[in-house]
Amino acid sequence: MDEEYHASIQGRIIAIELLMRGLLAAHITQQSEPLVTLSTTRQSFFATLQNLERPIDSEADLIWEKAADALEETFRELEIRVRSIVAKRQDQLVGAGGVLAV
């Protein structure tokens, strides 16, 4: 593979990751319990990754390890984003004289 092709693939992966983070954040923050939804979604993604059929060899092991690392990082950053959005909404409610359910 040449350098431009490799860079193109990496660029597409980054773009897909950013799109997914945005879509997941938008979906999760629209739920009544965003942090519970985030946790459930995370568990579902990891279960799917774990149950995918794949070759059993050292290369596949490394790829799956990197995929799990990427999912972990994505959900860690997504949790930060979701917590920030939830906190802003709560601040807006308090500032508008709204009542927060505890």
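**Describing the overall build of the chain**
Stage number 1. Looking only at helices and strands, the chain has three helices and zero strands in total.
Stage number 2. Moving toward the C terminus, one meets the helices and strands of the chain in the order α-α-α.
Stage number 3. Relative to the compact-globule value of 13 Å for 102 residues, the chain shows a C-alpha radius of gyration of 18 Å, a clear excess of over 25%.
Stage number 4. Principal-axis analysis of the C-alpha atoms places the extent of the chain at approximately 60 × 30 × 15 Å.
Stage number 5. Looking at the chain as a whole, 17% of its 102 residues are labelled buried.

**Concerning helix α3 (residues 58–95)**
Stage number 1. For α3, built from 38 residues, the straight-helix expectation of 56 Å at 1.5 Å per residue is met to within 8% by its first-to-last C-alpha distance of 55 Å.
Stage number 2. Listed in full, the buried residues belonging to α3 are A60, L71, T74, F75, L78, V82 and V86.
Stage number 3. Where α3 is buried, its residues touch α1 (3–29) and α2 (34–51).
Stage number 4. The opening residue of α3, the one whose side-chain oxygen lies 3.2 Å from the backbone nitrogen of E59, is D57.

**Some words on the pattern of salt bridges**
Stage number 1. On inspection of all chains with the given rule, the structure shows five salt bridges.
Stage number 2. Among the salt bridges present, the one from R21 reaches E17, with a minimum N-O distance of 2.3 Å. One end of the pair is R21 and the other is E17, both in helix α1 and four residues apart, which spans about a single turn.
Stage number 3. Relative accessible area serves as the criterion here: at 14%, R21 is assigned to the buried category.
Stage number 4. For E79, the salt bridge is made with R83, and the minimal N-O distance between the two is 2.9 Å. Taken together, the residues span about one helical turn, with E79 and R83 both in helix α3 at a distance of four residues.
Stage number 5. By relative accessible area, which is 46% here, R83 ends up partly exposed.
Stage number 6. When salt bridges with common partners are traced through the structure, they connect E17, R21 and E77 into a single cluster.

**A few points about the environment of R81**
Stage number 1. Mapping R81 onto the fold places it in helix α3.
Stage number 2. Residue class for R81 comes out partly exposed when judged on its relative accessible area of 42%.
Stage number 3. A sequence separation of 59 residues divides R81 from G22, and the C-alpha atoms of the two residues are 9.6 Å apart.
Stage number 4. Apart from the residues lying within four places of it in its own chain, the contact partners of R81 are R21, G22 and A25.

**What about the layout of surface pockets?**
To locate leftover empty space, one rolls a probe as large as a water molecule over the atoms.
Stage number 1. Computed from the structure, the largest pocket encloses a volume of approximately 510 Å³.
Stage number 2. The biggest single contributor to the lining of the largest pocket is α3, with nine residues.
Stage number 3. Tallied by class, the residues present in the lining of the largest pocket amount to eleven nonpolar, one polar and four charged.

Definitions and limits used
- Residues numbered from 1 in each chain as written.
- Predicted model: local features only at pLDDT ≥ 70, side-chain atom pairs only at ≥ 80, totals over all residues.
- Heavy atoms only, no water.
- Helix = DSSP H or I, 4+ residues; strand = E, 2+ residues; numbered from the N terminus.
- Rg over C-alpha atoms; globule rule 2.2 N^0.38 Å.
- Buried < 20%, exposed > 50% of the residue type's maximum accessible area, 1.4 Å probe, protein only.
- Expected span 1.5 Å × (residues − 1).
- Contact = heavy atoms within 4.5 Å.
- Polar contact = N/O pair within 3.5 Å; in protein donor to acceptor, adjacent residues only side chain to side chain.
- Salt bridge = Lys/Arg side-chain N within 4 Å of Asp/Glu carboxyl O.
- 1 Å grid on protein atoms, 1.4 Å probe; cavity = no way out; pocket = protein on both sides within 12 Å on 5 of 7 lines; lining within 4 Å.
- Points joined across faces, edges and corners; volume = space filled by probe spheres on them.
- Nonpolar A, V, L, I, M, F, W, Y, C, P; charged D, E, K, R; others polar.

Bear in mind that shape data such as this cannot, by itself, settle questions of function.
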